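What follows is each chain in one-letter form.
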Amino acid sequence: KNNSKDFEKQWESYSYQTILNPNKKITKAFVITGTDPRGTAFGVFDLSQKMGVSPWYWWADVPAKKRQSAYVLAGRYTSGEPKVKYRGVFINDEAPCLTSWVKNTYGTNYGDHKFYSRVFELILRLKGNFLWPAMWGSAFYDDDPQNGILANEMGIVMSTSHHEPMAMAQS
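No experiment lies behind these values; they were computed from the predicted model shown. (Residues numbered from 1 in each chain as written. Predicted model: local features only at pLDDT ≥ 70, side-chain atom pairs only at ≥ 80, totals over all residues. Heavy atoms only, no water.)

Trainee: Looking at this model, I keep getting lost on the overall build of the protein. Mind explaining?
Mentor: For the protein, the helix and strand inventory stands at five helices and six strands. Reading the secondary structure of the protein in the N-to-C direction produces β-β-α-β-β-α-α-β-α-α-β. Scored against the burial criterion, the 171 residues of the protein give a buried share of 38%. Here the analysis covers contacts within the protein between residues at least 6 apart in sequence; of these, 66% occur between residues at least 24 apart. As displayed, the protein has an accessible area near 10800 Å², and 57% of this comes from carbon and sulfur atoms. (Helix = DSSP H or I, 4+ residues; strand = E, 2+ residues; numbered from the N terminus. Buried < 20%, exposed > 50% of the residue type's maximum accessible area, 1.4 Å probe, protein only. Contact = heavy atoms within 4.5 Å. Areas by Shrake-Rupley, 256 points an atom, 1.4 Å probe, with all protein chains shown as cover.)

Shown next, in the form of structure tokens:
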């Protein structure tokens, strides 16, 4: 698609490549390379989708397409940079439906890292990188100290609302 010479300098880009004889024991390899951690994740999730796993597999119970085999074409494919730098979700009007669902599904109060791990995965599978979390009786960083750590580990850029300015909510 976009075989730019400046691939390494691109934001959130990924590449698929087949390599012949990468070492003495391997005759052929398929490599996914990202220009940054999100780029690598996008490459893995893009391949997953091409193989039949919907980004919505968990949230909408979309079954994965079964295959007898999968193939890749020889050569290199490069994604190119996203046209919009920050792409994501603002969870709005989450109470009572989503908050009740989280409590029933996870047995926890709304907003813990188990719930957000699913939100973050969906965002990455949709090639997003940003979340503006819910706020009705919630404070992303106070609700679960693991939330911010997980967002960082998964490469999600966080914002906060007026009740939690600069991620400094007070319980």
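Alright, that's what it looks like, and here's the rest.
Trainee: Looking at this structure, I do not really get the pairing of strand E1 (residues 14–20). What am I missing?
Mentor: Consecutive side chains along a regular strand alternate between the two faces of the sheet. Both E1 and strand E2 (residues 28–34) contribute to a ladder of seven bridges, which runs antiparallel. Looking at E2, one finds that Tyr-16 is bridged to Ile-32. Bridging between E1 and strand E3 (residues 76–78) involves three bridges; their strand directions are antiparallel. Paired with Ser-15 across the bridge in E3 is Thr-78. (Pairing = 2+ DSSP bridges.)

Trainee: Before we go on, may I ask you to explain the sheet that holds strand E5 (residues 130–132) in this structure?
Mentor: One key point about sheets: their strands pair by backbone hydrogen bonds, in either a parallel or an antiparallel sense. If you trace the three strands from one edge of the open sheet to the other, you get E4-E5-E6, paired in parallel fashion. In the strand order of this sheet, the two ends are held by strand E4 (88–90) and strand E6 (157–158), each with one partner.

Trainee: How should the sheet that holds E3 be read in this particular structure?
Mentor: Here we have three strands laid out as an open sheet, ordered E2-E1-E3, and antiparallel in their pairing. Across the chains shown, the open sheet's two edge strands, defined by having one partner strand only, are E2 and E3. The mean inter-strand angle of the sheet, taken between neighbouring strand axes irrespective of direction, is 15°. (Axes fitted to C-alpha atoms, helices over the stretch in contact; angles between N-to-C directions.)

Trainee: How should the nonpolar core be read in this particular structure?
Mentor: Considering soluble globular proteins, one finds that nonpolar side chains tend to be buried as a cluster. Residues Tyr-116, Phe-120, Leu-131 and Ile-156 are the most contacted members of the largest nonpolar core, which totals 23 residues. Counting only elements with at least two residues in this core, the list comes to E1, helix H1 (37–50), helix H2 (97–106), helix H3 (113–125) and helix H5 (146–154). Here the element with the most residues in this core is H3; it accounts for six residues. When sequence neighbours within four positions are dropped, the list of residues in contact with Leu-131 reads Val-89, Ile-91, Tyr-116, Val-119, Phe-120, Ile-123, Ile-156, Val-157, Met-158 and Ser-159. (Core = buried A, V, L, I, M, F, W, Y, C linked by side-chain atoms within 4.5 Å.)

Trainee: Looking at this model, I keep getting lost on the packing of H3 against H5. Mind explaining?
Mentor: If you want to describe how two helices pack, look at the angle between their axes and the distance between the axes. Between H3 and H5, whose axes approach to 10 Å, the crossing angle comes to 25°. Comparing the axis directions of H3 and H5 gives the class roughly parallel. Remark: the crossing between H3 and H5 carries right-handed chirality. In this structure, H3 uses His-113, Tyr-116, Ser-117, Phe-120, Glu-121 and Leu-124 to contact H5, whose residues at the interface are Gln-146, Asn-147, Leu-150, Ala-151 and Met-154. (Parallel < 35°, antiparallel > 145°, perpendicular 65-115°, else oblique. Left-handed = near helix turned anticlockwise from the far one by under 90°.)

Trainee: Just checking my understanding: could you explain unusual backbone geometry for this structure?
Mentor: Most of the time, phi is negative for any residue but glycine, and the peptide bond is trans. At the junction of Ala-95 and Pro-96, the peptide bond is cis and its omega measures out at 5° in the coordinates. Within the secondary structure, Pro-96 sits in the loop between E4 and H2. With a phi angle near 50°, Asn-21 is a residue other than glycine that sits in the positive phi range. Looking at the element boundaries, Asn-21 is found in the loop between E1 and E2. Of note, the phi angle at Lys-127 is positive, near 65°, even though the residue is not glycine.

Trainee: What should I look at first to understand the packing of aromatic side chains in this one?
Mentor: Where two aromatic rings form a pair, the distance of their centres and the angle of their planes describe that pair. A complete count under the given rule lists 16 aromatic pairs for this structure. Considering the side-chain rings of Trp-11 and Tyr-86, the 6.0 Å spacing of their centres and the 75° angle between planes classify their relative orientation as edge-to-face. Of this pair, Trp-11 sits in the segment before E1 while Tyr-86 sits in the loop between E3 and E4, and the two are 75 residues apart along the sequence. For Tyr-86, a relative accessible area of 46% gives the class partly exposed. (Phe/Tyr/Trp six-rings, centres within 6.5 Å; stacked < 30°, edge-to-face > 60°.)

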